[in-house]
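# Structural description and commentary
For reference, the chains in residue letters:
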Amino acid sequence: MKRFLCITILLVACALIAGCTQQVVPAQSGAAIAVLSNTQPNTTLSLAPGVIFVSFHTDGASDMDVELRTLSKGGYGAADVFTTAGPFNGSLAYEIPVRDQYVVDITGTGVWTAVIGTENPTASWKVPMNLSGSGTMVTPFFTLEKGQYIFLRSEVGSASPQYYLRNANGSFVMDANNTFSQPTFEEISQSPFKFIDVPVTGTYFVSTLTDNNPGIWHASILPIPIIPHMGPGPAIMPRDSTAAS
């Protein structure tokens, strides 16, 4: 219990330091390659390996289903399903693993628009840094050195979105055993932080997915604090009884 309290105090201190060093506004923008809407909900694109971003707007409450798939039979596919409670601006990211013809198909209730775009993975932010946003969205690119970090969130349980640390090409940063994407918080988890392992120095971004759209969230990526080594104190020599006589 004492160890957990010490770690929590260190995390809060690091978060305060991070807040003084960076202000990160989550958003992705770039060259638009297609525009979709409720009246034109799908398109076919010839895409090279990399990542695409879908920036969308809903005029009101909506049930959204965004799908990406190759035209090649048995090829690659990805999808995200979420809801919005009112007017909302958000963004999604999709990895393009191979050069192919891809279909982007969006189903949504009500009135909505979406812009599909690309962006060169240039990074200007480094840890420690704070991330904040609303609902489903994608942060700008940032640089991480190889090593271990703390991913700290302010909201827990169902109030928290699902966070995904991703490489510049859109692929998910998996754990050391390649079993889950980092960081993974269970929906009912009350844990405020996770340790994440970055396998190589490079450019990354974070994407979030939630049904709390809009819904404010706050997170930080922090270096592991160095805890001073608590070594033995000075040697205590036995009292010389002869000196006292």
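For the structure, see preceding data.
Heads up: these notes are all about the structure in this document. (Residues numbered from 1 in each chain as written. Predicted model: local features only at pLDDT ≥ 70, side-chain atom pairs only at ≥ 80, totals over all residues. Heavy atoms only, no water.)

## Considering the overall build of the protein
Put simply, the rule is: The helix and strand labels rest on DSSP assignments: H or I over at least four residues marks a helix, E over at least two residues marks a strand, and numbering proceeds from the N terminus. To sort residues, take the accessible area from a 1.4 Å probe on protein chains only and compare it with the maximum for the residue type: under 20% means buried, over 50% means exposed, and anything in between is partly exposed. Note on contacts: a residue pair qualifies if any of its non-hydrogen atoms lie within 4.5 Å across the two residues.
In terms of helices and strands, the protein carries two helices and 15 strands. For the protein, the residues scored as buried account for 40% of the 245 residues in total. In the protein, once contacts between residues fewer than 6 apart in sequence are set aside, the share between residues at least 24 apart is 81%.

## With respect to the packing of aromatic side chains
Defined as follows: For Phe, Tyr and Trp, where Trp contributes only its six-membered ring, two rings pair if their centres lie within 6.5 Å, and the inter-plane angle classes them as stacked under 30 degrees, edge-to-face over 60, or tilted in between.
Using the criterion set out here, one finds ten aromatic pairs in the structure. Look at Phe56 and Phe82: their rings are 5.2 Å apart centre to centre, the planes differ by 40°, and that puts the pair in the tilted class. Of this pair, Phe56 sits in strand β3 (residues 50-58) while Phe82 sits in strand β5 (residues 77-84), placing them 26 residues apart in sequence. Of the two residues, Phe56 and Phe82, neither departs from the other in class, the shared state being buried.

## Describing the sheet that holds strand β10 (residues 142-144)
Each strand in a sheet pairs with its neighbour through backbone hydrogen bonds, running either in the same direction (parallel) or in the opposite one (antiparallel). Inclusion rule: Note on pairing: DSSP must find at least two bridges between two strands before they are called paired. Angles run from 0 to 180 degrees between N-to-C directions of axes, and those axes are lines fitted to C-alpha atoms, restricted for helices to the stretch in contact.
Ordered in space as β10-β14-β12, the three strands form an open sheet in which the pairing is antiparallel. Lying at the two open borders of the sheet, with one neighbouring strand each, are β10 and β12 (162-167). Across the sheet, the mean angle separating the axes of adjacent strands is 45° when strand polarity is ignored. Pairing of β12 with strand β14 (residues 202-209) involves six bridges; the strand directions are antiparallel. Each bridged residue has a counterpart across the sheet, and for Leu165 the counterpart in β14 is Val206.

## Quick word on the sheet that holds strand β7 (residues 100-108)
Spatially, four strands are ordered β2-β7-β4-β5 in an open sheet, and the strand pairing comes out antiparallel. Of all strands in the sheet, those with a lone pairing partner are β2 (42-47) and β5, marking the two edges. Looking at each pair of strands side by side, their axes are set apart by 15° on average, direction ignored. Bridging between strand β4 (residues 62-70) and β7 involves seven bridges; their strand directions are antiparallel. Counted as the bridge partner of Glu67 is Asp105 from β7.

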